[in-house]
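Coordinate analysis (summary)
Residues per chain are reported as follows:
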Amino acid sequence: MTDHSSDRPATVVCHAGREPEAYHGFLNTPVFNGSTVLFQTLDDLEAANAGTFPGYAYGRYGNPTAASFEACIAALEGAYQSLATASGVAAVTVPLLSFLNSGDHLLMVDTAYGPTRKFCDQELTRLGVEVTYYDPLIGAGIEALLKPNTRVIFLESPGSLTFEVQDIPAIVAVAKPRGIVTMIDNSWASPLYFQPLKHGVDISIHSATKYINGHSDIVIGVVSATKEAFPRLKQGYGNIGAVPTAQDCYMAQRGIRTLAVRVKQHEASALELARWFEKRPETVKLLHPAFASCPGHEVWKRDFSGSTGLFGVLLKPYPRKALEAMMNGMRFFKMGYSWGGYESLMMPFSPQAVRSATRWQHDGLNLRIHAGLEDVADLLDDLEAGLKRLNAAA
Ligand SMILES: *Cc1c(COP(=O)(O)O)cnc(C)c1O
C-alpha cells in the first residue's frame, strides 16, 4: 500500500489504502467484481481449504477493492484491521453475534440507534442473550450493572436522536480489567473527530452510509478492531457473510477522499444553524454536543476533536397541523431517513418509545436537523420561512 506517513487526518484520507503501482499507475484501486479466484497450484488450493492461504481465496472473503477501503478506515481509526460490511446495521450485528454467547449478558446503551435496539430485543434475546439498557450518562456507575456473565458493553456516542455524549474512558476503565469487550457505534463523529480505539474501546463501528460515503447513494458499514479483538471478529464476519459488493466498497472509498473537507463544512454549517436556533423564541433547548446545553458536552470537549452536521433542537409544543405546514413547505430541509449526505434533512422525533432505562421529559416539538452542504444562507432562509409557517398555523 502507498506510504501515507502522516498522522494528519486530511492527508490520510487522500492517501491511505492506495496502491497505484499494483494497477499500472492508476491512482484508484479498481472495482474487483468476482466470486471465483483461481489458484495456481494444488498446494494453494489446499492452503485455502485449511484457511492458511495468504492471498484472496473467494469473493465473499475479500477483494482488493474492499481491502483498499478497509485499509483507509483502519488508518483513520488507528485500528489493527477493519472489515467492510453490507450495511451499517451489519456492522453492528456482526460484532455482537461474534462475541456474544447464549447465556451472556449485554449492556446496551439506552440511546442506541433504533434498529440496533430492535436487533437486541427481537434477535439476541431469542438466542438467549440477556440485554440490559443503561443510561448513556452513567459513566463509571456502569459498574453497578455488571453481572458475572456480562460479556459486552455497547456504546453509541452521541446517542441517536437525543445526542447524550458518553464518558467512554470511564466505561472502558470498568470493562477492561474484567475482560468485558467494549463496542461503539461511532457513526456521528466520523473517523475524523473521534477514534474510539485510542480511548481503549475494542471495536469501532460505522454506518459508512453516512459521512464516509457521503452521497446518499449506497448502504454500507465498516467495523474496526484492535489486534486482540480482531481474530474473533474476523471469524464471525466470515461465517455470517454480510459483505458489501466491490462496487459499493469503491464508492465508499471514493467518498473518503473528500471526507475531511465535507465534514468541516457540515460542522461549520451545523454550528451556524444551531447558533441561530439558540436565539429563536421557539427554542427550548439545543441538543448539539458542541453546546453547553447538550448532556455530556464537557465530555465531548475533552474527547472529540470536532462536531458534525447532525443535531437536535427542542421547540415549544405545536399542534400537528402547524408542524405539517412547516415540514411540507421546506425547500431544502427535506424529510427522509439517514443523514451524512450532501443534502440537508429535517425530521420530527419522539424518543419515548425507544427508551427504557431513561425517561424523556420534554413534551414539545423535537426536530432532528442535518446540515447539508448547501449555502448556509439558503438553509437559514428556509428555516426562517419554516418557523414562520409553524407559528402562523399554530
Ligand atoms: C444509520 C445508522 C446505522 C445503520 O446504518 P445503515 O447503513 O443504514 O444500515 C447505524 N448506526 C447509526 C448511529 C446510524 O445512524
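Here, every reference points to the structure presented above.
Residues numbered from 1 in each chain as written. Predicted model: local features only at pLDDT ≥ 70, side-chain atom pairs only at ≥ 80, totals over all residues. Heavy atoms only, no water.

1. Re the site of the ligand
As a structural note, the neighbourhood of the ligand is formed by 13 residues, with Gly88, Asp185, Ser207, Thr209 and Lys210 the closest of them. Side-chain polar atom of Thr209 to an oxygen atom of the ligand: 2.5 Å apart, as the coordinates give it. Separating an oxygen atom of the ligand from a side-chain N or O atom of Lys210 is a distance of 2.6 Å. If the ligand stood free it would expose 380 Å²; the protein chains cover 90% of that surface. Judged by its atoms lying within 2 Å of the grid points, the ligand is housed in the second largest pocket. (Near = heavy atom within 4 Å. Polar contact = N/O pair within 3.5 Å; in protein donor to acceptor, adjacent residues only side chain to side chain. Areas by Shrake-Rupley, 256 points an atom, 1.4 Å probe, with all protein chains shown as cover. 1 Å grid on protein atoms, 1.4 Å probe; cavity = no way out; pocket = protein on both sides within 12 Å on 5 of 7 lines; lining within 4 Å. Sits in = over half its atoms within 2 Å of the grid points.)

2. With respect to the environment of Thr125
Its place among the elements puts Thr125 in the loop between helix 5 (114–124) and strand 3 (130–134). What makes Thr125 partly exposed here is its relative accessible area of 35%. In this structure, the C-alpha to C-alpha distance between Thr125 and Gly103, residues 22 residues apart in sequence, is 9.6 Å. Residues within four places of Thr125 in sequence aside, it is in contact with Cys120 and Val131. (Helix = DSSP H or I, 4+ residues; strand = E, 2+ residues; numbered from the N terminus. Buried < 20%, exposed > 50% of the residue type's maximum accessible area, 1.4 Å probe, protein only. Contact = heavy atoms within 4.5 Å.)

3. Things to note about the pairing of strand 4 (residues 150–156)
Among the seven residues that make up strand 4, six are buried, leaving the element largely enclosed by the rest of the structure. For strand 2 (residues 105–109) and strand 4, the ladder comprises four bridges, and the chain directions are parallel. If you follow His105 over to strand 4, its bridge partner there is Thr150. Taken together, strand 4, helix 6 (residues 168–175) and strand 5 (residues 181–185) form a β-α-β motif whose crossover is right-handed. (Pairing = 2+ DSSP bridges. Right-handed = clockwise from strand over helix to strand, strands pointing away.)

4. What to know about the packing of aromatic side chains
Within the structure shown, the criterion is met by ten aromatic pairs. With 5.1 Å between their ring centres and 75 degrees between their planes, Trp276 and Phe277 make a pair best called edge-to-face. The pair Trp276 / Phe277 is uniform in exposure class, with both members buried. Taken together, the aromatic side chains of Trp188, Phe194 and Phe304 make up a single cluster linked through ring pairs. Between the NZ or CZ atom of Lys210 and the centre of the ring of Tyr113, over which it lies, the distance is 5.4 Å. (Phe/Tyr/Trp six-rings, centres within 6.5 Å; stacked < 30°, edge-to-face > 60°. Lys NZ or Arg CZ within 6 Å of the ring centre and 35° of its normal.)

5. Looking at the sheet that holds strand 11 (residues 365–370)
Strand order across the open sheet formed by four strands is 8-9-11-10, with antiparallel pairing between neighbours. Taken across any chain shown, the strands that pair with only one partner, and hence form the sheet edges, are strand 8 (283–287) and strand 10 (345–348). For this sheet, the mean angle separating the axes of adjacent strands, direction not counted, is 20 degrees. As defined by bridge partners, strand 9 (residues 310–315) adjoins strand 11 across six bridges and the pair is classed as antiparallel. Looking at the pairing, Leu315 lines up with Leu365 of strand 11. Where helix 10 (residues 259–279) meets the sheet, it contacts strand 8, strand 9 and strand 11, and its direction lies at approximately 10 degrees from that of strand 9. (Axes fitted to C-alpha atoms, helices over the stretch in contact; angles between N-to-C directions.)

6. Section: the nonpolar core
Judged by nonpolar contacts, the single largest core of 80 residues is most densely connected at Phe69, Leu96, Leu106, Met108, Ile153, Met183 and Ile203. Those residues in contact with Ile203 that sit more than four places away from it in its chain are Pro95, Phe99, Val181, Thr182, Met183, Ile184, Leu197, Val223, Ser224, Ala225, Ala229 and Leu233. Ala270, Met346, Leu383 and Leu387 belong to the second-largest nonpolar core, a separate cluster that totals 29 residues. (Core = buried A, V, L, I, M, F, W, Y, C linked by side-chain atoms within 4.5 Å.)

7. Focus: the layout of surface pockets
Reported here for the largest pocket is a volume of approximately 910 Å³. Lining the largest pocket we find 36 residues, and of these Tyr58, Arg60, Tyr61, Gly62 and Lys234 sit closest to its centre. Mapped onto the lining of the largest pocket, the elements with two or more residues apiece are helix 3 (64–77), strand 1 (81–85), helix 8 (230–240) and helix 9 (246–256). Split into classes, the residues belonging to the lining of the largest pocket amount to 19 nonpolar, 14 polar and three charged. Considering only enclosed or pocket space, the second largest pocket measures out at about 740 Å³ in volume. Lining the second largest pocket are 36 residues, with Tyr113, Gly114, Ser160, Trp339 and Arg368 sitting closest to its centre. Taken together, the elements giving at least two residues each to the lining of the second largest pocket come down to helix 4 (88–99), helix 5 and strand 10. Of the residues belonging to the lining of the second largest pocket, the class tally is 18 nonpolar, 13 polar and five charged. (Points joined across faces, edges and corners; volume = space filled by probe spheres on them. Nonpolar A, V, L, I, M, F, W, Y, C, P; charged D, E, K, R; others polar.)

8. Focus on the packing of helix 4 against helix 8
For the pair helix 4 and helix 8, the least separation of the axes is 8 Å and the interaxial angle reads 115 degrees. Classified by the interaxial angle, the pair formed by helix 4 and helix 8 is roughly perpendicular. The handedness of the crossing between helix 4 and helix 8 is right-handed. Packed against helix 4, whose contacting residues are Val94, Pro95, Leu97, Ser98 and Phe99, the element helix 8 presents Arg232, Leu233, Gly236, Tyr237 and Ile240 at the interface. Tallied by class, the residues present in the contact of helix 4 with helix 8 amount to seven nonpolar, two polar and one charged. (Parallel < 35°, antiparallel > 145°, perpendicular 65-115°, else oblique. Left-handed = near helix turned anticlockwise from the far one by under 90°.)

9. As for the packing of helix 10 against helix 13 (residues 376–392)
It is the contact of helix 10 with helix 13, at a shortest axis distance of 10 Å, that shows an interaxial angle of 30 degrees. The angle between helix 10 and helix 13 falls in the class roughly parallel. In this structure, the crossing between helix 10 and helix 13 has a hand that is right-handed. Contacts between helix 10 and helix 13 involve Ser269, Glu272, Leu273, Trp276 and Phe277 on the former and, on the latter, Val376, Leu379, Leu380, Leu383, Glu384 and Leu387. Counted by class, the contact of helix 10 with helix 13 contains eight nonpolar, one polar and two charged residues.

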